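# Structural characterization, general
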2 protein chains.
Amino acid sequence: MRRYEEIQIGERAVLRRRITSEDIEKYAEVSGDVNPLHLDDEYAKKTIFGRRIAHGMLTAGLISNLLGNVLPGPGTVYLSQELKFKAPVYPGDLVEVEVEVIAKEDAKKRLRLKTLCRNEEGKTVLEGEAQVMVP
Amino acid sequence: MRRYEEIQIGERAVLRRRITSEDIEKYAEVSGDVNPLHLDDEYAKKTIFGRRIAHGMLTAGLISNLLGNVLPGPGTVYLSQELKFKAPVYPGDLVEVEVEVIAKEDAKKRLRLKTLCRNEEGKTVLEGEAQVMVP
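Residues numbered from 1 in each chain as written. Chains lettered and ligands numbered in written order. Predicted model: local features only at pLDDT ≥ 70, side-chain atom pairs only at ≥ 80, totals over all residues. Heavy atoms only, no water.

Secondary structure summary: chain A contains four helices and five strands in total. Going from the N terminus to the C terminus, chain A shows its helices and strands as β-α-α-α-α-β-β-β-β. Dimensions of chain A, computed from C-alpha atoms along their principal axes, come out at roughly 55 × 30 × 20 Å. Within the span of chain A, comprising 135 residues, buried residues form 55% of the whole. Sequence separation of at least 24 residues holds for 65% of the intrachain contacts in chain A that already meet a minimum separation of 6. Total accessible area on chain A stands at roughly 5,900 Å², and carbon and sulfur atoms take up 46% of it. Averaging the positions of the 21 positive and the 22 negative side-chain charges in chain A gives two centres separated by 4 Å. (Helix = DSSP H or I, 4+ residues; strand = E, 2+ residues; numbered from the N terminus. Buried < 20%, exposed > 50% of the residue type's maximum accessible area, 1.4 Å probe, protein only. Contact = heavy atoms within 4.5 Å. Areas by Shrake-Rupley, 256 points an atom, 1.4 Å probe, with all protein chains shown as cover. Lys, Arg positive; Asp, Glu negative; His and termini not counted. Charge placed at Lys NZ, Arg CZ, Asp CG, Glu CD.)

What follows is the structure, given as structure tokens:
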């Protein structure tokens, strides 16, 4: 894990990950969220989305991935996350997640990060802010 | 799914679900978040938590479960979620999730809900607010 002192405001990390139909099914199992909007083609066809979409919280997991693996990295303690689901993610979409350090709170070794997910067309699908501790 | 008009401010729903070690491993696969705090006993022993903890975003998935299955139920469109991770969830913990409708925005068929997760001792592990659309 990165040392708190080394991390600079403005520092960024990015990851790209394809959200597959299989991921959606596995996530439905783990979370128990079996909303047909995510799992049932026939049902989803009749909704405003026109087809199945990924669980918003599945896409949000990619933020957790990037925080926990890269910036700040292994050992990160997640304190808070604000999520605004702006547009749907469809099965097969390649999602790019970016986190950027926007503030540091030295006394508590805390970071605030802007968190953003985009689809392949560059459209923002999820945005918000995270707060983490770097112990 | 419940009709928007039927849903009252003050309405609540609750679910209980045990978060198992297997859930944590499956979630690590789905999200790609392999932070050793969640997966590695030896590593976790040396942290402030003393042992492995569940991914915060895995616990958060139970909120998505309750919104998507019960209140408002199947078809719910998730608009936003604020998450404050207040205390760790350990493998094997039984988590109780509660959502309560705190506001309605009729023009857009949107609900605001207070979202709360507690462990078996009644301690709040996760709190925040959700916004959903009931199409």
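Mapping chain B onto chain A leaves a residual RMSD of 0.0 Å; the transformation is a rotation of 180° accompanied by 0.0 Å of translation along its axis. Overall, the copies show the geometry of a two-fold rotation axis. Across chain B, the rotation axis passes nearest the C-alpha of glutamate 82 of chain B, at a separation of 2.2 Å. A share of 100% of interface residues in chain B that are also interface residues in chain A marks the association as one of identical surfaces. (Least-squares fit on C-alpha atoms with pLDDT ≥ 70 in both.)

Contacts between the two partners involve 39 residues from chain B and, on the opposite side, 39 residues from chain A. Taken as a group, Val30, Met57 and Phe85 of chain B account for 20% of the area that chain B buries against chain A, more than any other trio of residues on that side. If you look at where chain B meets chain A, you find two salt bridges. Across the pair glutamate 29 of chain A and lysine 26 of chain B runs a salt bridge, and its minimum N-O distance is 2.8 Å. At the junction of chain B with chain A, the criterion picks out 22 residue pairs in polar contact (both at pLDDT 80 or more). Those elements that provide at least two residues to the side of chain B that touches chain A are helix 1 (21-31), helix 2 (36-39), helix 4 (56-69) and strand 2 (77-85) of chain B. Residue classes in the side of chain B that touches chain A are distributed as 19 nonpolar, 13 polar and seven charged. Two elements, strand 2 (residues 77-85) of chain A and strand 2 of chain B, share five bridges in a ladder whose sense is antiparallel. Each bridged residue has a counterpart across the sheet, and for glutamine 81 of chain A the counterpart in strand 2 of chain B is leucine 83 of chain B. (Buried area = accessible area lost by both parts, 1.4 Å probe. Salt bridge = Lys/Arg side-chain N within 4 Å of Asp/Glu carboxyl O. Polar contact = N/O pair within 3.5 Å; in protein donor to acceptor, adjacent residues only side chain to side chain. Nonpolar A, V, L, I, M, F, W, Y, C, P; charged D, E, K, R; others polar. Pairing = 2+ DSSP bridges.)

Attention shifts here to the confidence of the model for chain A. Averaged over all residues, the pLDDT of chain A is 95; the fraction at 70 or higher stands at 100%. Interface confidence in the predicted complex, given as ipTM, is 0.92; pTM for the same model is 0.93. (pLDDT = per-residue confidence, 0-100.)

Core analysis: the biggest nonpolar cluster contains 68 residues, and Ile63 of chain A together with Ile63 of chain B have the highest contact counts within it. Each residue touching isoleucine 63 of chain B, except ones within four places of it in the same chain, is listed here: Tyr78, Gln81, Leu83, Val97, Val99, Thr115, Cys117 and Leu126 of chain B. (Core = buried A, V, L, I, M, F, W, Y, C linked by side-chain atoms within 4.5 Å.)

Glancing now at the pattern of salt bridges. Throughout the structure, instances matching the rule amount to 30 salt bridges over all chains. With a shortest N-O distance of 3.9 Å, glutamate 127 of chain A and lysine 86 of chain A are connected by a salt bridge. With glutamate 127 of chain A in strand 5 (residues 124-133) and lysine 86 of chain A in the loop between strand 2 and strand 3 (94-105), this residue pair connects regions lying 41 residues apart in the sequence. One salt bridge connects arginine 12 of chain B with glutamate 100 of chain B, and the closest N-O pair in it is separated by 3.5 Å. Residue arginine 12 of chain B is found in strand 1 (residues 12-18), and its partner glutamate 100 of chain B is found in strand 3 (residues 94-105); the two are separated by 88 residues along the sequence. When its relative accessible area of 52% is taken as the criterion, arginine 12 of chain B is described as exposed. Put simply, Arg12, Arg16, Glu96, Glu98, Glu100, Lys114 and Arg118 of chain A are held in one network by salt bridges that share partners.

All right, on to the sheet that holds strand 3 of chain B then. The ten strands are arranged 1(A)-3(A)-4(A)-5(A)-2(A)-2(B)-5(B)-4(B)-3(B)-1(B) in an open sheet whose pairing can be described as antiparallel. Across the chains shown, the open sheet's two edge strands, defined by having one partner strand only, are strand 1 (12-18) of chain A together with strand 1 of chain B. Neighbour-to-neighbour, the strand axes of the sheet open up by a mean angle of 20°, direction not taken into account. Bridge analysis of strand 2 of chain A against strand 5 of chain A gives eight bridges, and the strand direction is antiparallel. Residue pairing in the sheet places serine 80 of chain A in a bridge with glutamine 131 of chain A of strand 5 of chain A. (Axes fitted to C-alpha atoms, helices over the stretch in contact; angles between N-to-C directions.)

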